[in-house]
Amino acid sequence: MKRVLILDLDNTIYPVSSIAQYLFNKFFFLLNQEAGIDSSALIRSKDELIRRPFHDVADEFSFSPELRNKGIEILNNLTCDEILVPFSDYHHIRKSALDKFLVTTGFTKLQYSKVKQLGIENDFKEIHIVDPEVSPKTKLDIFKELMDKYNYQATEVLVIGDDPQSEIRAAIALGIDTFLYDPDNKYPEAKTTYRGDSLEKVLVVIS
Ligand SMILES: [Mg+2]
């Protein structure tokens, strides 16, 4: 019997594509305020930058140290000030009476601003941002800490997310059941306990 849901944020509760352009423009504007930084590598990497962590893209596209450092400095302070809208099926999760936790990876201020703009902060017992700039802790570490703190058994927990290499993998390593939210069927081969193209299905698998 499940009594706990742990959710990812990006592309699990709302579509990143809905704010990618806005955030990129804001980031790009702030970067161009800085004199002497060649941002051509940034423009070339735009499509990747929208989808993947900044550090990874910076390595792959050989960003200069100035571009890399300034980019991280800006991202550390970037916030989302647009109103965000959760996926239309998120309300099924919201109305569930189980204990719910949000565990998301990214820059702390930016992730919190998204939570605020989505209006979901009161849906969760605790919200954790895994920010590599702040701490070496991973999602797996946070899952373990939550289980210890609240005395949850692995069998009582369900982790819900869109990334087989992130929260899904961490949960499997801890013996926790997983729900891969994959509305576009991007990962038909991925290892997961459950999968679905709608968050409504989560209520079915936990019932
Ligand atoms: Mg995600």
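Procedures and definitions
Residues numbered from 1 in each chain as written. Predicted model: local features only at pLDDT ≥ 70, side-chain atom pairs only at ≥ 80, totals over all residues. Heavy atoms only, no water. Phe/Tyr/Trp six-rings, centres within 6.5 Å; stacked < 30°, edge-to-face > 60°. Helix = DSSP H or I, 4+ residues; strand = E, 2+ residues; numbered from the N terminus. Buried < 20%, exposed > 50% of the residue type's maximum accessible area, 1.4 Å probe, protein only. Donors = N, O, S within 2.8 Å, 3.2 Å for Na, K, Ca; no water. Polar contact = N/O pair within 3.5 Å; in protein donor to acceptor, adjacent residues only side chain to side chain. Contact = heavy atoms within 4.5 Å.

*Asks:* Tell me what's going on with the packing of aromatic side chains, and back it up with residues and numbers.
*Replies:* Considering all chains together, one arrives at seven aromatic pairs under this definition. Here the aromatic rings of F101 and Y150 are separated by 5.5 Å at their centres, their planes lie at 55°, and the arrangement is tilted. On the criterion of sequence distance, the pair formed by F101 in strand β2 (residues 99–105) and Y150 in helix α8 (residues 139–150) is long-range, its members being 49 residues apart. Ring geometry for F101 and Y152: centres 6.0 Å apart, planes at 70°, overall edge-to-face. Of the two residues, F101 is situated in strand β2 and Y152 in the loop between α8 and β4 (157–161); the sequence distance between them amounts to 51 residues. With relative accessibility at 0%, the residue F101 sits in the buried group. By relative accessible area, which is 6% here, Y152 ends up buried. Put simply, the rings of F27, F54 and F63 pair up and form one aromatic cluster.

*Asks:* Describe in detail unusual backbone geometry, supporting the description with residues and values.
*Replies:* One non-glycine residue, S62, lies in the positive phi region at around 45°. Inspection of the secondary structure puts S62 in the loop between α4 (54–60) and α5 (65–77). At N151, a position not held by glycine, the phi torsion is positive, near 60°. Looking at the secondary structure, you find N151 in the loop between α8 and β4. Overall, the relative accessible area of 57% leaves N151 in the exposed class.

*Asks:* Any details on the coordination of the magnesium ion? Residues and values, ideally.
*Replies:* Each protein donor to the magnesium ion is listed here as D8 (OD), D10 (O) and D162 (OD); together their distances run 2.1 to 2.2 Å. The exposure class assigned to D10 is buried, which follows from its relative accessible area of 17%.

*Asks:* So, the side chain of E126: which residues are in play, and what are the values?
*Replies:* Positionally, E126 belongs in strand β3 (residues 126–130). E126 gets classed as buried once you look at its relative accessible area, which sits at 13%. Side-chain polar atoms of E126 contact the side chain of H128, separated by 2.7 Å. Other than its neighbours up to four places away in sequence, E126 contacts K100, F101, L102, L146, K149 and Y150.

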